[in-house]
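Notes for the structure review
Listed below, chain by chain, are the residues.
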There are 2 protein chains.
Amino acid sequence: MDAKDQALNVARNCFAVRLRKLNRVVSRHYDECFRPFGLTVAQFNLLVAIAAREGTTPSELVASLSLEKSTVSRNVEKMQGKGWVTIGAGEDKRTQTIQLTKAGEALLEEALPAWKEAQKKTEKAVGNVSLLLKEISLT
Amino acid sequence: MDAKDQALNVARNCFAVRLRKLNRVVSRHYDECFRPFGLTVAQFNLLVAIAAREGTTPSELVASLSLEKSTVSRNVEKMQGKGWVTIGAGEDKRTQTIQLTKAGEALLEEALPAWKEAQKKTEKAVGNVSLLLKEISLT
DNA sequence: CTGTATTTGATGTATATGCAACTAATTATC
DNA sequence: GATAATTAGTTGCATATACATCAAATACAG
């Protein structure tokens, strides 16, 4: 097998190559649907994660979303700037608690139809994603 | 269903949320394995894509990887800076052709064991990814 | 042909992401 | 109780990514 065929083989069988491409395509669908709300899919992710656990902490978000702490730190700060969340004192002087504001709740509510649309769009473009993701054992 | 439960529901069922998390986790495995070579998974993606079609063009990479053209432009430029690829004249005066250099080929060769390791690591951490990706109909 | 539309890349700007190094606070060790 | 280790978040830096806009080249319509 020459270098070219080997590369082709890698390109076809690499989990990362395929997953990352899928990720770009799918994320684009969601970004399109959320654009009218001035919302990105990454911000939407954080919003729902925060909404699902009122009074959560950055650390919890790090764990539940497998994000780097610095990413959470900066993205949450940005969302605070937009008035969607408030950052308050936590149990420790180290920790913080994050809450949705009224505006944040309202935004989520408004964006829900767009989310449903994105879900549909994704299934249509990519196939049976539910079935696909069902298999994954991510904590 | 109150707002919190609704958010939980979205968080659990959103394709983007789950896919993006999986993408981060998996990409991290590859990045770790490639780090000793000064290579990122994104660069590896491009390298194998270029190797698989010697003399490809940015446009082709855009199409085959579903990347934005500006992303390809800048990433390929960076890889040229590292001496892994050369950018030459294309058929048009608009287009370019991209070639792996000897160093680029050598790097791919060297990194192959790391890639295999990353594949294994991923299967171990995430489950049967092959089965999972088999279902996807991405062009 | 000539003027318009399309294609191909480059560049400006913004977001998302991660690693390394840092600080402050807390916990564990002795 | 003092010191070491760990934890929580922030900040500096770099890469990856996308959208909008631009310029140059080519293709197309008349």
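Heads up: the structure comes first, above all this text.
Throughout what follows, the structure given in this document is the object of discussion. (Residues numbered from 1 in each chain as written. Chains lettered and ligands numbered in written order. Predicted model: local features only at pLDDT ≥ 70, side-chain atom pairs only at ≥ 80, totals over all residues. Heavy atoms only, no water.)

Overview of the relation of the copies chain B and chain A
Rotating chain B by 180° and moving it 0.0 Å along the rotation axis overlays it on chain A with an RMSD of 0.0 Å. Taken together, the rotation and translation describe the operation of a two-fold axis. Mapped onto chain A, 100% of the interface residues of chain B are again interface residues, and the two copies thus contact each other with one and the same surface. (Least-squares fit on C-alpha atoms with pLDDT ≥ 70 in both. Contact = heavy atoms within 4.5 Å.)

Quick look at the protein's contact with DNA strand D
Close to DNA strand D lie 27 residues, the nearest being A:Arg20, A:Ser59, A:Ser73, A:Arg74 and B:Thr40. Considering the 4 Å shell around the protein, atoms of DNA strand D inside it are sugar or phosphate in 68% of instances. A distance of 2.4 Å separates a phosphate oxygen of DNA strand D from a polar atom in the side chain of A:Ser59. B:Arg74 is positioned such that a nitrogen or oxygen atom in its side chain is 3.0 Å from a base nitrogen of DNA strand D. Sorting the residues of the surface near DNA strand D by element identifies helix 2 (15-34), helix 4 (58-65) and helix 5 (69-81) of chain A together with helix 3 (41-52) and helix 5 (69-81) of chain B as the ones contributing at least two each. If one sorts the elements of the surface near DNA strand D by residue count, helix 5 of chain B sits on top with 5 residues. For the surface near DNA strand D, the residue count by class is 3 nonpolar, 11 polar and 13 charged. (Near = heavy atom within 4 Å. Polar contact = N/O pair within 3.5 Å; in protein donor to acceptor, adjacent residues only side chain to side chain. Helix = DSSP H or I, 4+ residues; strand = E, 2+ residues; numbered from the N terminus. Nonpolar A, V, L, I, M, F, W, Y, C, P; charged D, E, K, R; others polar.)

Some words on the packing of helix 2 of chain A against helix 3 of chain B
Put simply, helix 2 of chain A and helix 3 of chain B touch, their axes get as near as 10 Å, and they point 105° apart. In terms of orientation, helix 2 of chain A and helix 3 of chain B fall into the roughly perpendicular class. Residues A:Ala16, A:Val17 and A:Arg20 of helix 2 of chain A form the contact with helix 3 of chain B, whose own contacting residues are B:Val41, B:Ala42 and B:Asn45. Of the residues that constitute the contact of helix 2 of chain A with helix 3 of chain B, the class distribution is 4 nonpolar, 1 polar and 1 charged. (Axes fitted to C-alpha atoms, helices over the stretch in contact; angles between N-to-C directions. Parallel < 35°, antiparallel > 145°, perpendicular 65-115°, else oblique.)

Digging into the protein's contact with DNA strand C
Around DNA strand C, a shell composed of 28 residues is seen, among which A:Thr40, B:Arg20, B:Ser59, B:Ser73 and B:Arg74 lie nearest. Backbone atoms, meaning sugar and phosphate, make up 65% of the atoms of DNA strand C lying within 4 Å of the protein. Contact between DNA strand C and A:Glu68: a phosphate oxygen at 2.9 Å from a main-chain N or O atom of the residue. The element that contributes the greatest number of residues to the surface near DNA strand C is helix 5 of chain A, accounting for 5 residues.

Examining unusual backbone geometry
Of note in this structure, A:Ser66 is not a glycine but carries a positive phi near 55°. On the basis of relative accessible area, A:Ser66 is assigned to the buried category, the value being 17%. (Buried < 20%, exposed > 50% of the residue type's maximum accessible area, 1.4 Å probe, protein only.)

Considerations on the pattern of salt bridges
Residue and element names in this part refer to chain B. Overall, the coordinates contain 6 salt bridges over all chains when judged by the stated rule. With its nearest N and O atoms 2.8 Å apart, the salt bridge here joins Arg-94 to Asp-92. Residue Arg-94 is classed as exposed on the basis of its relative accessible area, which comes to 73%. (Salt bridge = Lys/Arg side-chain N within 4 Å of Asp/Glu carboxyl O.)

Observations concerning the environment of A:Leu46
All names here are of chain A. With respect to the helices and strands, Leu-46 occurs in helix 3 (residues 41-52). Counting along the chain gives 33 residues from Leu-46 to Met-79, while the straight-line C-alpha distance between them is 9.1 Å. Not counting residues within four places of it along the chain, the set of residues in contact with Leu-46 comprises Leu-61, Leu-65, Asn-75 and Met-79.

Observations concerning the environment of A:Lys121
All names here are of chain A. Position of Lys-121 among the secondary structure elements: in helix 6 (residues 102-126). Here the alpha-carbon distance between Lys-121 and Lys-82, two residues 39 residues apart in the chain, equals 28 Å. If sequence neighbours within four positions are ignored, Lys-121 has contacts with His-29, Glu-32 and Cys-33.

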